[in-house]
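# Observations on the model geometry
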Amino acid sequence: MAITGIRGQWLDMWIFFCLVLLIGIKLEGIAAQIRYSIQEELKSGAAVGNVAKDLGLDLARLTDRNLRVVSGTKQDLFKVNPRDGVLLVNQRVDREELCAKTVPCITNLKAVVENPLEMHQVIIEILDVNDNSPRFPEENYTLEVLESSVVGSRFQVEGAHDLDVGLNSLQSYKLNHNQYFRLETEEFGEDGKVPFLILQRPLDREQTAQLWLLLTATDGGKPSKSGTINITVIVSDINDNSPVCDKQKYTITIKENAPPGTFLLIVNASDSDEGMNGEIEYSLRSKLRGLSSDPFDLDSRTGKLTVKEGLDYEEKQVYEIKVLAADKGAVSLSTQCNVVVRVEDVNDNQPEIEITSLSSRIPEDAPLGTVVALMGVTDLDSGVNGQVVCSVPGHLPFDLKPSPDGQSFSLVTNDFLDKETIHMYDITITAKDLGSPSLSSTKVIQVDVLDVNDNSPLFTESPYTFYVPENNKAGMSFFSVSATDADGGENAAVTYSLDRKSPGPTVTSFLNMNEANGTISALKSFDFETLKNFQFHVVASDSGTPSLSSNVTVNVFILDQNDNAPVILYPVSSNGSAEGVEEIPRNVNAGHLVTKVRAYDADIGYNGWLLFSLQEVTDHSLFGLDRYTGQIRTLRSFTETDEAEHKLVILVKDNGNVSLSATATVTVKLVEPKEAFAASDVVSKGNDQGENNIIVYLIVTLGSVSVLFLISIIVLIAMQCSKSTDYTSKYLQETNYDGTLCHSIQYRSGDKRYMLVGPRMSIGSTIVPGSHANTLVLPDRRKTSEE
C-alpha cells in the first residue's frame, strides 16, 4: 500500500488521503488493478508509488520487460522509471483543470509490460488541495433598495465560487456589522450557498441615502481562504416594486445534438409598477467574471431562451443559468430567475480503439491462448451509448478477452495456426457501442504466421519404376526422383541421399545420387544377362531443425539389348567353325531326318528368337530346312546319279533390330546299307575257306543266306515303318521338344518363370502380354512340387 504525504497539520485528514492499492484478478493479459491517491499540485518528479513492486514484478528483469504507462488523455501527467518501476509525476497536476467539480477525481492509466505481454490498470485519485480562494463575479456590486421596502425583505446577492471541492470549497459568508441588513444563506444547486441580504429595519433615504457593505466568502481549508465583494446599497424612494419571477426555478432537458436556434423556454417575470417602472428587460448573467457565457441566447424583451451554439454532453451535462429581470425605472429594480438546462446524451461519438502492444509475428505452433495484442477501447458517450462491445470475425482463429472494467481487451489465439494454409491474417477488430443507432469503428491488425518445420518432404510418386537399357554408359544419369515440402524457406529445402543402411545385398555401391536435384547415375554398365532388376531406397530430407525426412522405393528393370550373337551347339564348334558330318543310307525315303542344327541366344524376346535358313546347298532338290526348328530332312529319295557327298551351310540369325547371326556347315554322306557290306564280307570269307574245305563252304554259305534273309526281312519292316515314323539317326531328337534351344531359354522375374518360344507353343503355356507372342509364362514347378 502506498501512502501520500500530509500537508499542513491536517491530522484528522490523514486516513482520507491514504493511498489504496487494489490488486485485480489476472485475466488473459489484464493481470491486476492498483490504486494510488495523490494530492494535486505535486512537483514534477514526485514519486507516486512503485508500480513494479506493487504488481509483484521481478525487478531484475524489469528493463527487459519494457515497463511503461499509457494514459487515455492527451497529456502525459505521469511517467514510470523503467529501471526501478517508480511511478513519477511528469507535469503539474491540477485537479480543477482535470475534473472541475467531479468527486472523486480519477485518472486511469494502463501499465504495460512485455515478455510476456501483460496490461495492468492503475487508478490514481487526485486529492484536492486548498489552492483556490472563493471568488465573486465582481469586485463591486450595486444594490438599489426602495425606502419603502418592508422589514424582512430579501435581496439576493451574486454568490462567490470556489473551484476547490469538499472542505476546501466555499463554506460560509460573513457580512460586516451594520444596523440595516443581516445575512442569510441558502443552498442552491451547483452554486452551493447563495447569500441573501435581509432588511432588519426600515430605510429612510433622507437620513441614509447609501450604505456600504462588505460581504466575505470563506472556504473550509486549513488555513482557510476568502474573497470579498463591496456592496453599495442605494436607497430609492421611487419604483418601489421589483420584478418577480413566476417560477422559483425553470428546468428543461435538451438533447446535445439540438441545432442552434432550438427553443428552450420563456422566462417570465412580472412587476406591479406601471409604465417604465413595470416594463421588464431580461439579460443573462455569467457566474464568474471573465468566463465565457453559456451557449444560449435570451431575447431581452420576451425572455425567450434558445440554443446559440452546439451543446456537448461530454463537455458539460448541466447548465444553471442566471436570468436578470430588471425594470426600466429611473432606479431600476431587478431580480434573478434561475434556469436549469440539463443536456441529454446522444450517441454521437464512435468508439476508439488504441493498440497498446502488438506481437505481429506468431509461430504456427503457438499454443492456444497466446496473446497477440493488447488494446484499450474508449467511448466518450455515457450510459449505454458509452458501453462498447468488441468482436473479431468468427472464421478467424482469434478471440478477444475483455478486462474486468470492460475498457481493455486481449487478442488471443483460440485455434491452431497453419502457415501452409494461411501465412498472414488481416484481423479486423470492430468496436460497437450499444447506442441507438449504434456507432462503430474498426482497426485492422496484420499478423504474420512464422513457419515451423512440421511437414516432411513428399515424393511425387511412390514407388518409382524405371526401365534402363543394358549397356548404358557408366557415369551418365538415367533417371531422377523429386520431392516437395509444404513448408517454406530453409524448412522446404530438400536434399536427396541413397539409403545405404538397408539389410541384405546392396546395389547402392554402384549408384551415385545428386543430393541437390535427385538425379541418379550408375557407376557401371548394366548387363541384362547378369542383372535383370534391382531395388533400392532414396531418402529426402529437409533443412529444418530438427530435420524431417521420408523415403521411397525405386524399382529398376534392365531392358534387354541385342548384344549376343547366336551360338551353335550342334554341330560342335571346332577351331572357330561349326562343322559336322552326317552319314545316311542311300535308300532312305523322302522326309528322312538327316540331322538337327541346335543353337541358342543369350538375349530374350525378339532378340533371342532364332530363325534358320540354307545359305549354301549342293542340290536344292535333295534337302529341306525347317526355319524354326533347324531340322534337315530329305525332300526325295536318292538315285544312283546323286552324288555321294553334299555340303549344307546353315545361317542362324536372331530377330533383333540389328540382327546377329552365326553359320554351321553340315556335310551329308550317302552310304550303302550296312547289310550289303556285311554279306560281301561273309562271301569273301566263305570262298577262301572253300578252297580248303567244301563242307565248311556249304555250311557257311547256308548260314550266310539265312542271315541275309533275316536281315532283308528286318530292312523291309524298317522301310515300312519309316513311312509314318522318321528314321532314327544317330543324333536323336529331344523328347517333348520342337524347336531350337533358343526357344527353351527360361528366366525368372519376381514369382513367375518365363520361356522364350518360337511360333510353335507348348501345350499348357500362356502368352505374356506385350511380348510379341514369343514369351510364355510357365507354371511354377517348384510350387507344384511343393504342393
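Notes on the structure follow. Predicted model, so just to flag it, every value in this text is computed and none were measured.

## Observations concerning the packing of aromatic side chains
A complete count under the given rule lists 17 aromatic pairs for this structure. Ring centres of Phe 136 and Tyr 173 lie 6.2 Å apart, and the angle between their planes is 55 degrees; this geometry places the pair in the tilted category. Here Tyr 173 lies in strand E10 (residues 170-175) and Phe 136 lies in the loop between strand E7 (118-127) and strand E8 (140-146), a separation of 37 residues in the sequence. Assigned by exposure class, Phe 136 and Tyr 173 land together as buried. Summarising the aromatic geometry, the rings of Phe 534 and Phe 536 are spaced 6.1 Å apart at their centres and angled 25 degrees between planes, so their arrangement reads as stacked. A relative accessible area of 6% places Phe 534 in the buried class. On the basis of relative accessible area, Phe 536 is assigned to the buried category, the value being 3%. Through a chain of ring-to-ring contacts, the aromatic side chains of Phe 459, Tyr 464, Phe 466, Phe 478, Phe 479, Phe 510, Phe 526, Phe 534 and Phe 536 assemble into a single cluster. One Lys or Arg, Arg 154, reaches over the ring of Phe 196 and ends 4.4 Å from the middle of that ring.

## Points about the sheet that holds strand E16 (residues 249-255)
The four strands are arranged E16-E23-E22-E19 in an open sheet whose pairing can be described as mixed. Where the open sheet ends on each side, the last strands, each with one partner, are E16 and strand E19 (280-285). Strand-to-strand twist across the sheet, computed as the mean angle between neighbouring axes with direction ignored, equals 30 degrees. With six bridges connecting them, E19 and strand E22 (residues 318-327) associate as antiparallel partners. Among the inter-strand pairings, Ile 280 is bridged to a residue of E22, identified as Asp 327.

## Some remarks on the pairing of strand E29 (residues 408-413)
Residues in a regular strand project their side chains so that they alternate between the two faces of the sheet. Counting buried residues in E29 gives six out of six residues, a clear majority hidden from the surface. Along E29, one buried face is formed by Ser 408, Ser 410 and Val 412 and the opposite face, lined by Phe 409, Leu 411 and Thr 413, is buried too. For strand E26 (residues 371-378) and E29, the ladder comprises five bridges, and the chain directions are antiparallel. Bridging from a neighbouring strand, Val 371 pairs with Val 412 of E29. The pairing of strand E28 (residues 398-402) with E29 spans five bridges and is classified as antiparallel. Within E29, the residue paired with Lys 401 across the bridge is Ser 410.

## Digging into the pattern of salt bridges
Tallied over the full model, the rule gives 17 salt bridges. Of the charged contacts, one joins Glu 125 and Arg 35 as a salt bridge, the two residues approaching to 3.4 Å between their closest N and O atoms. One end of the pair, Glu 125, is in strand E7; the other, Arg 35, is in strand E1 (residues 30-39), with 90 residues separating them in the sequence. Pair check on accessibility: Glu 125 and Arg 35 agree, each one buried.

## Describing a nonpolar patch on the surface
Where nonpolar side chains cluster on the molecular surface, the patch consists of Phe 709, Leu 710, Ile 713, Leu 716 and Ile 717 and spans about 500 Å² of accessible area. Mapped onto the elements, Ile 713 comes out in helix H4 (residues 694-722). Relative accessible area serves as the criterion here: at 35%, Ile 713 is assigned to the partly exposed category.

## A few points about the pairing of E22
Burial analysis of E22 places nine of its ten residues in the buried class, which makes it a mostly covered element. Where E22 meets strand E23 (residues 334-344), nine bridges bridge the pair, whose relative direction is antiparallel. Residue Glu 320 lies in a different strand from E23, and its bridge partner there is Val 340. Hairpin connection between E22 and E23: a loop of six residues separates the two successive antiparallel strands.

## Some words on unusual backbone geometry
The step from Lys 222 to Pro 223 runs through a cis peptide bond, and the omega angle for that step is -5 degrees. In this fold, Pro 223 is placed in the loop between strand E13 (210-219) and strand E14 (226-236). Here Thr 545 and Pro 546 are connected by a cis peptide whose omega angle stands at -5 degrees. Take Pro 546: it is sitting in the loop between strand E39 (533-542) and strand E40 (549-559). Of note in the backbone geometry, Asn 115 takes a positive phi value of approximately 55 degrees without being a glycine. Within the secondary structure, Asn 115 sits in the loop between strand E6 (105-113) and E7. Here Asn 471, not a glycine, exhibits a phi torsion of approximately 65 degrees, which is positive. Inspection of the secondary structure assignment puts Asn 471 in the loop between strand E33 (464-469) and strand E34 (477-480).

What counts, and where the lines are drawn
- Residues numbered from 1 in each chain as written.
- Predicted model: local features only at pLDDT ≥ 70, side-chain atom pairs only at ≥ 80, totals over all residues.
- Heavy atoms only, no water.
- Phe/Tyr/Trp six-rings, centres within 6.5 Å; stacked < 30°, edge-to-face > 60°.
- Helix = DSSP H or I, 4+ residues; strand = E, 2+ residues; numbered from the N terminus.
- Buried < 20%, exposed > 50% of the residue type's maximum accessible area, 1.4 Å probe, protein only.
- Lys NZ or Arg CZ within 6 Å of the ring centre and 35° of its normal.
- Pairing = 2+ DSSP bridges.
- Axes fitted to C-alpha atoms, helices over the stretch in contact; angles between N-to-C directions.
- Salt bridge = Lys/Arg side-chain N within 4 Å of Asp/Glu carboxyl O.
- Patch = residues over 30% accessible without salt bridge, like charges linked within 9 Å, V, L, I, M, F, W, Y side chains within 5 Å.
- Areas by Shrake-Rupley, 256 points an atom, 1.4 Å probe, with all protein chains shown as cover.

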